[in-house]
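Residue-level structure breakdown
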Amino acid sequence: MFKKILIANRGEIAVRIIRACRDLGISPVVVFSEADREALHVRLCDEAHFIGPSPSLESYLVIEKIIDAARKSGAEAIHPGYGFLSESEPFAQACEDSKLVFIGPSAASMKLMGSKITSRAAAQKAGVPIVPGTTRSLRSREDALTAAAEIGYPVMLKASAGGGGKGLRLVSSEEELTSLYETAGSEARASFNDSTLLIEKYLMKPRHIEIQVLGDLKGNVIHLGERECSIQRRHQKLVEESPSPLEDVEFRRTIGEAAVAVAKTAHYHNAGTVEFMVEPAATGGHSFYFLEMNTRIQVEHPVTEMVTGIDLVAEQIRIAAGSKLGCRQEEIRSRGAAIECRIYAEDPYNHFFPSPGTLTTYVEPSGPGIRTDSGVGSGSTIPVEYDPLISKVIAYGENRQQAILRMKRALGEYKIGGVRTTIPFFQVLLSHPAFIEGSLDTHFIDEHQLIEGLKEGSCKSDTVPLIAAALEHFYETRKPKPRLYSKRGLWRNSQHPSDPFHKWGD
Ligand code: MV4
């Protein structure tokens, strides 16, 4: 096993990886930028290396700086977390060249899955259904028109190098395709340095369901069940859960086996996620289609950890160190239900506009079934330069209903002052009858006008009290109450913003 690991990330995921290191008896080394001098990951590590200015292009994204810090520290391996360099093939290659273990899949698997064209071809080869469409790059506008006519409108024009929601265009007619084709290509070139496009049939109302997989260096691959991630806003996931509220045992087995088949075709090792779009089938049951494979640990991995009892980050490290998978497929059992809410420093009353700043009040929830993965403490700053994720609250229950109730309890306890957060949005969502019923799809937020309801305080009559409660919560937790706390002597809140953790370790 490794003695030292360098963590090439920040925020909650850096803290999560530090914890996995400690549990394995490994010494965690981190890197930090100017904005992160006082960050929690720096306080919790054994060794921290400064890597430059706050903008990630000058720090967390500079391959040479990361490799240099790893060399200086004597770390044997690098964990990239998610985002930043986690899916950078050149970074994986640079690690290899420097005899550092990249805690992730091979550069070749990353390359295969980094392109929609080659990943769709891989899924097809594995015998897994893909959305009807092209598995080669479009050569010209005429080529695109011919392909679209065969598939039938509406179609989705996609950048092959895109991912998440980037480089997507819904196209309803020949005229639209004619006018969009060139701009889509140049946009793809500008964003991804690759103008390759493909066309797929447009699915009207898919659910987004993904399968967690683990593969070791010996070629063993298992899956750890699904996560339902249909509650999204502009391709940003807000809530994830496992299992999916779809209660279809046969379907779960089939889609899990499909994910393993894709991973095996890619000679995949380490943790990965195979994403699918799912729709009700005409013949009853559900149809699923391969969408893409993410070659990293994902933000929402804790819901899978809660229902399977497996520490995915520790597994990633063990696998990278050459260990065989700790269990066989038959030994994986999912028990109960888990839900995750992503707490962002964003204003749900104002288009989820980022709300960076200092956390003047910060009290995390706890109690039975509650886990909070955060990268902050009271007095921490959410810098403008990075993703404004504050934390993730994960609620576990024996069933989905208990998990939802526990989540509502936890969000009610969570006190965050100094920035606006997405908590009020979740208060409304978790009480919504359609959410409770589990009838989810990727248009859920728009369809049920959840955000409009929040803004005006007046959508459907039954949601008004919920909104009022959410508003109250919002104004309760947004404003710091320094006097109250300092009088009781609990802490000197916001009096010494330059010394935010002065009580820690006492
Ligand atoms: C689609 C689609 C419908 N039809 N492709 C969005 C993320 C990107 N990875 C693929 N996405 C979609 N691709 C076809 N052929 C609808 C979406 C989509 C979506 C997919 C998953 C989760 C949320 C979504 C929200 C809007 C659109």
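So, a few notes on the structure that sits alongside this text.

The rules we used
Residue positions within a chain follow its written sequence, with the count starting from 1. Reporting of local features is limited, given that this is a predicted model, to residues whose pLDDT is at least 70; pairs of side-chain atoms are given and counted only at 80 or more, and all residues count toward the totals for whole chains, interfaces and linings. Hydrogen atoms and water are omitted, and side-chain values are computed over all heavy atoms in the structure. Per the convention used, a helix needs a DSSP run of H or I reaching at least four residues, while a strand needs a run of E reaching at least two, with both numbered from the N terminus. Partly exposed describes any residue whose relative accessible area lies between the buried limit of under 20% and the exposed limit of over 50%, with all areas from a 1.4 Å probe on protein chains only and scaled to the type maximum. The contact rule is simple, with two residues in contact once any of their heavy atoms fall within 4.5 Å. Strands were regarded as paired on the criterion that DSSP finds at least two bridges between them. Aromatic contacts are taken between Phe, Tyr and Trp rings whose centres are within 6.5 Å, Trp giving its six-membered ring; a plane angle under 30 degrees counts as stacked, one over 60 as edge-to-face, and the others as tilted. The criterion for a charge sitting over a ring is simple: Lys NZ or Arg CZ within 6 Å of the ring centre, and within 35 degrees of the ring normal. We call a residue near a molecule or strand when any one of its heavy atoms sits within 4 Å of it. Polar contact criterion, stated in full: a pair of N or O atoms within 3.5 Å, where within protein one must be able to donate a hydrogen and the other to accept it, and residues adjacent in sequence count only if both atoms are side-chain atoms. Residues are grouped as follows: Ala, Val, Leu, Ile, Met, Phe, Trp, Tyr, Cys and Pro are nonpolar; Asp, Glu, Lys and Arg are charged; every other residue, Gly included, is polar. For every element, the axis is a line fit to its C-alpha atoms; helices are fit only across the contacting stretch, and the angle between N-to-C directions ranges from 0 to 180 degrees. Note on terminology: a nonpolar core comprises buried Ala, Val, Leu, Ile, Met, Phe, Trp, Tyr and Cys residues joined through side-chain atoms within 4.5 Å. Less than a right angle of anticlockwise turn of the near helix away from the far helix marks a crossing as left-handed, whereas a clockwise turn marks it as right-handed. The span one expects for a helix is its residue count, reduced by one, times 1.5 Å. We define a salt bridge as a side-chain nitrogen of Lys or Arg found within 4 Å of a carboxyl oxygen belonging to Asp or Glu. Directions drawn from the helix axis to the C-beta atoms are what define this arc.

1. Considering the overall build of the chain
Across its full length, the chain carries 18 helices and 22 strands. Taken across its 506 residues, the chain has 57% of its residues classed as buried. Restricting the contact set of the chain to residue pairs at least 6 apart, pairs at least 24 apart contribute 67%.

2. Here's the deal with the sheet that holds strand β3 (residues 47-50)
The strand order β3-β2-β1-β4-β5 describes an open sheet built from 5 strands, whose pairing is parallel. Bordering the open sheet on either side are β3 and β5 (101-102), each of which pairs with just one other strand. Taken together, the 4 bridges between strand β2 (residues 27-32) and β3 define a ladder with parallel strand orientation. Bridge pairing links V30 to A48 in β3.

3. Digging into the packing of aromatic side chains
Overall, the coordinates contain 10 aromatic pairs when judged by the stated rule. Aromatic pair Y60 and F84: ring centres 5.1 Å apart, planes at 15°, arrangement stacked. In this pair, Y60 sits in the loop between β3 and α3 (63-73) while F84 sits in the loop between β4 (77-79) and α4 (89-97), placing the two residues 24 residues apart along the sequence. Residue Y60 is classed as buried on the basis of its relative accessible area, which comes to 0%. When the ring centre of F50 is taken as reference, the NZ or CZ atom of R37 above it lies at 4.5 Å. Positioned above the aromatic ring of F435 is the side chain of R400, whose terminal nitrogen or guanidinium carbon lies 4.7 Å from the ring centre.

4. Quick notes on the pairing of strand β21 (residues 389-397)
When you tally the buried positions in β21, you get 9 out of 9 residues, the bulk of the element. Pairing geometry for strand β14 (residues 337-344) and β21, over 8 bridges, is antiparallel. Within β21, the residue paired with A337 across the bridge is G397. Both strand β19 (residues 370-374) and β21 contribute to a ladder of 5 bridges, which runs antiparallel.

5. Description of the site of the ligand
Not every one of the 16 residues close to the ligand is listed here, only the nearest: K158, G164, E200, K201 and L203. Backbone polar atom of K201 to a nitrogen atom of the ligand: 2.6 Å apart, as the coordinates give it. Within the contact set of the ligand, a nitrogen atom lies 3.0 Å away from a side-chain nitrogen or oxygen of E292. Every element with two or more residues in the shell around the ligand is listed here: β6 (155-159), β8 (197-201) and β13 (286-294). Residue classes in the shell around the ligand are distributed as 7 nonpolar, 5 polar and 4 charged.

6. A word on the environment of Q236
Looking at the element boundaries, Q236 is found in strand β11 (residues 236-242). In sequence terms Q236 and R342 are 106 residues apart; their C-alpha atoms lie 10.0 Å from each other. Each residue touching Q236, except ones within four places of it in the same chain, is listed here: I231, Y344 and E346.

7. A closer look at the sheet that holds β8
Taking strand neighbours across the sheet as the criterion, the 3 strands line up as β7-β6-β8 in an open arrangement whose pairing is antiparallel. If you trace the sheet from one side to the other, it starts and ends with β7 (168-171) and β8, each paired once. Across the sheet, the mean angle separating the axes of adjacent strands is 25° when strand polarity is ignored. Its contacts with the sheet put helix α7 (residues 141-151) on β6 and β8, and the angle it makes with β8 is roughly 15°. Packing against the sheet, helix α8 (residues 174-192) makes contact with β6, β7 and β8, and its axis sits at approximately 175° to β7.

8. Digging into the environment of H49
Note on placement: H49 falls in strand β3. Residue H49 is classed as buried on the basis of its relative accessible area, which comes to 16%. C-alpha of H49 to C-alpha of V30: the two residues are 19 residues apart in sequence and 6.3 Å apart in space. There is a polar contact of 2.8 Å between the side chain of H49 and the side chain of E47.

9. Structural notes on the nonpolar core
In terms of nonpolar packing, the biggest core is built from 96 residues, with L6, I78, I343, I390, F425 and F426 touching the most fellow members. Among the nonpolar cores identified, the runner-up in size contains 25 residues, and V128, V213, L246 and V262 belong to it.

10. Quick look at the packing of α7 against α8
Relative orientation of the contacting elements α7 and α8 amounts to 145°, with a least axis distance of 10 Å. α8 is crossed by α7, and the crossing has right-handed handedness. Where α7 abuts α8, its residues R141, A144, L145 and A148 lie against E174, L177, T178, Y181 and E182. For the contact of α7 with α8, the class distribution of residues is 5 nonpolar, 1 polar and 3 charged.

11. Description of the side chain of S27
Its place among the elements puts S27 in strand β2. Residue class for S27 comes out buried when judged on its relative accessible area of 18%. Separated by 2.7 Å, the side chains of S27 and D46 make a polar contact. What S27 contacts, discounting residues up to four positions off in sequence, is K3, K4, I5 and D46.

12. Here we look at helix α1 (residues 11-23)
Compared with an ideal rise of 1.5 Å per residue, which puts 13 residues at 18 Å, α1 spans 19 Å between its outermost C-alpha atoms and is within 8% of the ideal. Across the 13 residues of α1, 10 count as buried, placing the element largely inside the fold. All buried positions along α1 are accounted for by G11, E12, I13, A14, V15, R16, I17, I18, A20 and C21. Two residues or fewer past α1, G25 is found with a positive phi of approximately 75°.

13. A look at the pattern of salt bridges
Think of it this way: side chains of opposite charge can pair up when their charged atoms draw near. Taken as a whole and judged by the stated rule, the model has 36 salt bridges. For E210, the salt bridge is made with K237, and the minimal N-O distance between the two is 3.1 Å. Placement of the pair is E210 in strand β9 (residues 207-215) and K237 in strand β11, with a sequence separation of 27 residues. Salt bridges sharing partners connect three or more residues here, namely E210, R227, K237, E240, E275, E300 and R342.

14. Some details on α3
Think of an α-helix as 3.6 residues a turn; residues three or four steps apart then line up on the same face. For α3, the set of buried residues is I63, I66, I67, A69, A70 and S73. Along the long axis of α3, the arc covered by the buried residues comes to 160°, so they all point the same way. Residues E64, R71 and K72 are exposed on α3 and point more than 90 degrees away from its buried face. Elements that come into contact with the buried residues of α3 comprise β1 (4-7), β2, β3, β4 and α4.

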